[in-house]
Amino acid sequence: MRKIVAVLFTLFICLSLKGQIWVDERCRLWAVDQLSKDDAWAVGLKGVIYHYDGKNWDRIVSIGATDLHSLCFSDAKNGFAGGTGGILMFKNNSWAPDSTIKLKRFATVTGIYMLDSLNAWAVGDDFSEGFILKYSGRTWKKVEIPKCSALNSVFFTSPNNGW
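All values derive from a computational prediction rather than experimental measurement.

Here's the deal with unusual backbone geometry
Phase 1 of the analysis: For Lys46, which is not a glycine, the phi torsion comes out positive at approximately 60°.
Phase 2 of the analysis: By relative accessible area, Lys46 is classed as exposed at 74%.
Phase 3 of the analysis: The backbone of Asn92 sits at a positive phi, close to 55°, despite the residue not being glycine.
Phase 4 of the analysis: Topologically, Asn92 is positioned in the loop between strand E9 (86-91) and strand E10 (94-97).

A few points about the sheet that holds strand E13 (residues 129-135)
Phase 1 of the analysis: Strand order in the open sheet formed by 4 strands is E11-E12-E13-E14, and the pairing between neighbours is antiparallel. The strands lining the two open edges of the sheet, one partner per strand, are strand E11 (108-116) and strand E14 (140-143). If you compare each strand with its neighbour and ignore which way they point, the axes differ by 25° on average.
Phase 2 of the analysis: Here E13 runs beside E14; their pairing, made up of 4 bridges, is antiparallel. Bridge pairing links Leu133 to Lys142 in E14.

A word on the environment of Trp57
Phase 1 of the analysis: Checked against the element boundaries, Trp57 lands in strand E6 (residues 57-60).
Phase 2 of the analysis: The exposure class assigned to Trp57 is partly exposed, which follows from its relative accessible area of 32%.
Phase 3 of the analysis: Considering only alpha carbons, one finds Trp57 and Trp41, 16 residues apart in sequence, at a separation of 8.7 Å.

Some points on the pairing of E6
Phase 1 of the analysis: With 4 bridges connecting them, strand E5 (residues 49-52) and E6 associate as antiparallel partners. When the bridges of E6 are listed, Tyr50 appears paired with Arg59.
Phase 2 of the analysis: Joining the antiparallel neighbours E5 and E6 is a turn of 4 residues, in which Gly54 adopts a positive phi near 100°.

Quick look at the pattern of salt bridges
Should the charged atoms of two oppositely charged side chains come close, the side chains can pair.
Phase 1 of the analysis: With the rule as written, the count across this model stands at 3 salt bridges.
Phase 2 of the analysis: Here Lys104 makes a salt bridge to Asp126, at a shortest N to O gap of 3.5 Å. One end of the pair, Lys104, is in the loop between E10 and E11; the other, Asp126, is in strand E12 (residues 119-126), with 22 residues separating them in the sequence.
Phase 3 of the analysis: Judged by its relative accessible area of 56%, Lys104 falls in the exposed class.
Phase 4 of the analysis: Residue class for Asp126 comes out buried when judged on its relative accessible area of 15%.
Phase 5 of the analysis: For Lys147, the salt bridge is made with Glu129, and the minimal N-O distance between the two is 3.9 Å. With Lys147 in the loop between E14 and strand E15 (156-158) and Glu129 in strand E13, this pair connects stretches of sequence that are 18 residues apart.
Phase 6 of the analysis: What makes Lys147 exposed here is its relative accessible area of 73%.

Details of the confidence of the model for the protein chain
Phase 1 of the analysis: Model confidence for the protein chain is summarised by a mean pLDDT of 84, while 82% of its residues fall at 70 or above.
Phase 2 of the analysis: By mean pLDDT, strand E1 (residues 15-18) is the weakest element of the protein chain at 55, and strand E7 (residues 68-75) is the strongest at 96.
Phase 3 of the analysis: Low pLDDT, under 50, characterises residues 1-11; the stretch is placed with 9 contacts to residues that sit more than four places away or in other chains.

Thoughts on the nonpolar core
Phase 1 of the analysis: Formed by 20 residues in total, the largest nonpolar core has its most connected members in Phe80, Ile87, Ala122, Leu133 and Trp140.
Phase 2 of the analysis: Elements with a contribution of two residues or more to this core: E9, E11, E12 and E13.
Phase 3 of the analysis: Setting aside chain neighbours within four positions, we find Ala122 in contact with Ile87, Val109, Gly111, Ile112, Phe131, Ile132, Leu133 and Trp140.
Phase 4 of the analysis: Of all hydrophobic cores here, the second largest spans 11 residues; its members include Val43, Ile49, Leu68 and Leu88.

Definitions and limits used
- Residues numbered from 1 in each chain as written.
- Predicted model: local features only at pLDDT ≥ 70, side-chain atom pairs only at ≥ 80, totals over all residues.
- Heavy atoms only, no water.
- Buried < 20%, exposed > 50% of the residue type's maximum accessible area, 1.4 Å probe, protein only.
- Helix = DSSP H or I, 4+ residues; strand = E, 2+ residues; numbered from the N terminus.
- Pairing = 2+ DSSP bridges.
- Axes fitted to C-alpha atoms, helices over the stretch in contact; angles between N-to-C directions.
- Salt bridge = Lys/Arg side-chain N within 4 Å of Asp/Glu carboxyl O.
- pLDDT = per-residue confidence, 0-100.
- Contact = heavy atoms within 4.5 Å.
- Core = buried A, V, L, I, M, F, W, Y, C linked by side-chain atoms within 4.5 Å.

Written as structure tokens, this is what we have:
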């Protein structure tokens, strides 16, 4: 029997020290991915990234995308986060903008799914027009699709079978 656990949250209390005053930043988180009971990630507005180590949620400094809307890991060493203006790659225990894909300034990656470190897909919205990107281990490439409205989510069961 398979146990399914769902986590849903849109408001997470974030405190930060500004000089000598603690400030409640009320971060909005949009995506979470849990790899094990001791390894989880969450991303959200203003590029915020949190990591859970089994005891604590730690805020990780984000660079790149303005807001992060999507997140997926294939394993503890490989992951992507997508948002407004781009995709961040997690590799070698650090986050960095993935420079292999250039999106228009206000394009937003709203969904990412990874089968493994060599097969990932991202979907999104570019001024109400949907797009699909395919990652093949080194670079992201735009997939030609019929004109459609914004795409919000993506899921694959094998490299050639997805929704």
